[in-house]
Amino acid sequence: MEHQEIDFSYSLGEFGWSNIYIAHEQGDLAIRTTHVFNHPLIELLESVISLLKGEKTAEFFWFDEPGSYKVTLEVDADQQHLINFSIIEYASTGKWNENDRTISECSFCVKLQHVSACIYGEMVKLKELMNIGTYSKNRNSEYPYSYVKEFMKEYSIKYS
């Protein structure tokens, strides 16, 4: 399968919201997600950590109000260094339901190292921003310190 390079940005918003931006060859994807139903950054980090540790697939949801995004990361069976990255947007309210109407679908293939490096860079950025009092004031309870630390450790083990 042909892989591509992506650009990834994660913005930890104030008062329980985050913004995710993914640029890929087919276009750009901007997602605004709430922390009410789950923590979107923890979901992402747990999933990528599991792939870095050797798992073959990870799946999680990012929720909007209304709407949801089902994210699936699956290691390519033939080329283990690649992952198939899929995001399906659903018209839902609150928790995801298998009967929710699909709004859009986006999928692409990317190197695990590439997407991990993009996330690593965002975690370095967020870690530095959290050192700024005015930034961290309304975000401190939303910043998952232990997950960021674990992700950075697993990334270093895999790619250093």
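Being a predicted model, the structure only gives us computed values, none of them experimental.

Peer 1: Which parts of the structure should I look at to understand helix H2 (residues 112-129)?
Peer 2: Three or four residues apart is the spacing at which side chains of an α-helix point the same way, because the helix has 3.6 residues per turn. Compared with the 26 Å implied by 1.5 Å per residue over 18 residues, the 26 Å span of H2 between its first and last C-alpha is a close match. Taken as a whole, H2 has its buried residues at Leu112, Val115, Ser116, Cys118, Ile119, Glu122, Met123 and Leu126. Along the axis of H2, the buried residues cluster in a sector spanning 155°; they form a single face.

Peer 1: I tried to follow the packing of aromatic side chains on my own but got confused; where do I start?
Peer 2: For any pair of aromatic rings, the description rests on two quantities: the centre-to-centre distance and the angle between the ring planes. Following the criterion strictly, the structure yields 9 aromatic pairs and no others. When the centroid spacing of 5.3 Å and the interplanar angle of 55° are considered together, the rings of tyrosine 155 and tyrosine 159 count as tilted. Here tyrosine 155 and its partner tyrosine 159 are both found in helix H4 (residues 145-159), 4 residues apart, which amounts to about one turn of the helix. Of the residues examined, tyrosine 155 reaches a relative accessible area of 14% and is grouped as buried. Taken together, the aromatic side chains of Tyr120, Phe151, Tyr155 and Tyr159 make up a single cluster linked through ring pairs. When the ring centre of tryptophan 17 is taken as reference, the NZ or CZ atom of arginine 32 above it lies at 4.0 Å.

Peer 1: Help me out: how do you make sense of the packing of helix H1 (residues 40-52) against H2 in this one?
Peer 2: Packed helices, taken two at a time, are described by the angle their axes make and the gap between the axes. Following both chains from N to C, one finds H1 and H2 inclined at 140°, their axes separated by 11 Å at the closest point. In terms of their interaxial angle, H1 and H2 are classed as oblique. Crossing geometry of H1 relative to H2 is assigned as left-handed. Taken together, the residues of H2 that come into contact with H1 (itself represented by Leu41, Leu44, Leu45, Val48, Leu51 and Leu52) are Leu112, Ser116, Ile119, Met123 and Leu126. Its residues assigned to classes, the contact of H1 with H2 shows 10 nonpolar, 1 polar and no charged.

The rules we used
- Residues numbered from 1 in each chain as written.
- Predicted model: local features only at pLDDT ≥ 70, side-chain atom pairs only at ≥ 80, totals over all residues.
- Heavy atoms only, no water.
- Helix = DSSP H or I, 4+ residues; strand = E, 2+ residues; numbered from the N terminus.
- Expected span 1.5 Å × (residues − 1).
- Buried < 20%, exposed > 50% of the residue type's maximum accessible area, 1.4 Å probe, protein only.
- Arc of directions from axis to C-beta.
- Phe/Tyr/Trp six-rings, centres within 6.5 Å; stacked < 30°, edge-to-face > 60°.
- Lys NZ or Arg CZ within 6 Å of the ring centre and 35° of its normal.
- Axes fitted to C-alpha atoms, helices over the stretch in contact; angles between N-to-C directions.
- Parallel < 35°, antiparallel > 145°, perpendicular 65-115°, else oblique.
- Left-handed = near helix turned anticlockwise from the far one by under 90°.
- Contact = heavy atoms within 4.5 Å.
- Nonpolar A, V, L, I, M, F, W, Y, C, P; charged D, E, K, R; others polar.

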